[in-house]
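The primary structure of each chain is shown beneath.
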Amino acid sequence: MAGFTNYLEAALLDHILGGPSYERPASVYVALSTTAPDDDGSGFTEPAGGGYARVAVTNNATNWPAAEGDPTTKSNGDVIAFPQATDAWGTVTHFGIFDDTTGGNLLMSGPLDNPREVLFGDLVSFLAGEIKVTLD
């Protein structure tokens, strides 16, 4: 399950308690990492080259249905598919959700249930419900 980064936690607290309003991005960008990121958003290492690119996901209720349960969890509502690897990407161990297609702020991240080595020709995707973000 994914957790919020310090950046997003501060933005939401400020939004709720007397700070500037936080405007959610119109799209979020799902990314893969070969390392475990830190709470401050550092240490997120994306594959370089080989056809790798973040996947844009429109930030709406179809792609991110209503949160539910205890702890409160939100999951992706549709498949999120990365481009086919045209070279090895290394072993991906974590995913992240950013607010921009390159650079930007890491909003949340979490470990993959099944880390895997991505080789030439591989396809990587998250089925509906596989990305889980919890706020507790």
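The present account deals with the structure reproduced in this document.

Rules used throughout
Residues numbered from 1 in each chain as written. Predicted model: local features only at pLDDT ≥ 70, side-chain atom pairs only at ≥ 80, totals over all residues. Heavy atoms only, no water. Pairing = 2+ DSSP bridges. Helix = DSSP H or I, 4+ residues; strand = E, 2+ residues; numbered from the N terminus. Core = buried A, V, L, I, M, F, W, Y, C linked by side-chain atoms within 4.5 Å. Buried < 20%, exposed > 50% of the residue type's maximum accessible area, 1.4 Å probe, protein only. Contact = heavy atoms within 4.5 Å. Polar contact = N/O pair within 3.5 Å; in protein donor to acceptor, adjacent residues only side chain to side chain. Phe/Tyr/Trp six-rings, centres within 6.5 Å; stacked < 30°, edge-to-face > 60°. Lys NZ or Arg CZ within 6 Å of the ring centre and 35° of its normal.

Right, let's talk about the sheet that holds strand E2 (residues 27-33) for a bit. Strands sit in the order E1-E7-E6-E2-E3 across an open sheet of 5 strands; the sheet is antiparallel. Whereas interior strands pair on both sides, the edge strands pair on one side only; in this sheet they are strand E1 (3-4) and strand E3 (55-58). Across 8 bridges, the pairing between strand E6 (residues 90-98) and strand E7 (residues 106-118) is antiparallel. Bridging across to E7, Phe98 finds its partner in Leu106.

Both trends apply: most residues other than glycine have a negative phi, and most peptide bonds are in trans. Across the junction of Asp70 and Pro71, the peptide omega takes the value 5°, indicating a cis bond. The residue Pro71 is located in the loop between E3 and strand E4 (72-75) in this model.

Within the largest apolar cluster, 30 residues are counted, with the highest numbers of intra-cluster contacts made by Phe82, Phe126 and Ile131. Breaking this core down by element, the ones donating at least two residues are E2, E3, E6 and E7. Not counting chain neighbours up to four residues away, the residues in contact with Phe82 comprise Val30, Ala31, Leu32, Tyr52, Ala53, Arg54, Val55, Trp89, Val124 and Phe126.

Mapped onto the elements, Ser75 comes out in strand E4. C-alpha of Ser75 to C-alpha of Ala48: the two residues are 27 residues apart in sequence and 27 Å apart in space. Those residues in contact with Ser75 that sit more than four places away from it in its chain are Asn63, Trp64, Pro65, Gly129, Ile131 and Lys132. Of note is the side chain of Ser75, whose polar atom sits 3.4 Å from the backbone oxygen of Ile131.

Taken as a whole, this structure holds 5 aromatic pairs when the rule is applied. For the pair Tyr52 and Trp89, a centre-to-centre distance of 5.2 Å together with 85° between the ring planes defines the contact as edge-to-face. Of this pair, Tyr52 sits in the loop between E2 and E3 while Trp89 sits in the loop between strand E5 (80-81) and E6, and the two are 37 residues apart along the sequence. By relative accessible area, Tyr52 is classed as buried at 13%. Judged by its relative accessible area of 5%, Trp89 is buried. A connected cluster of aromatic rings, assembled from ring pairs, spans Tyr52, Phe82, Trp89, Phe95 and Phe126. The ring of Phe98 carries the charged tip of Arg54 above its face, separated from the ring centre by 3.6 Å.

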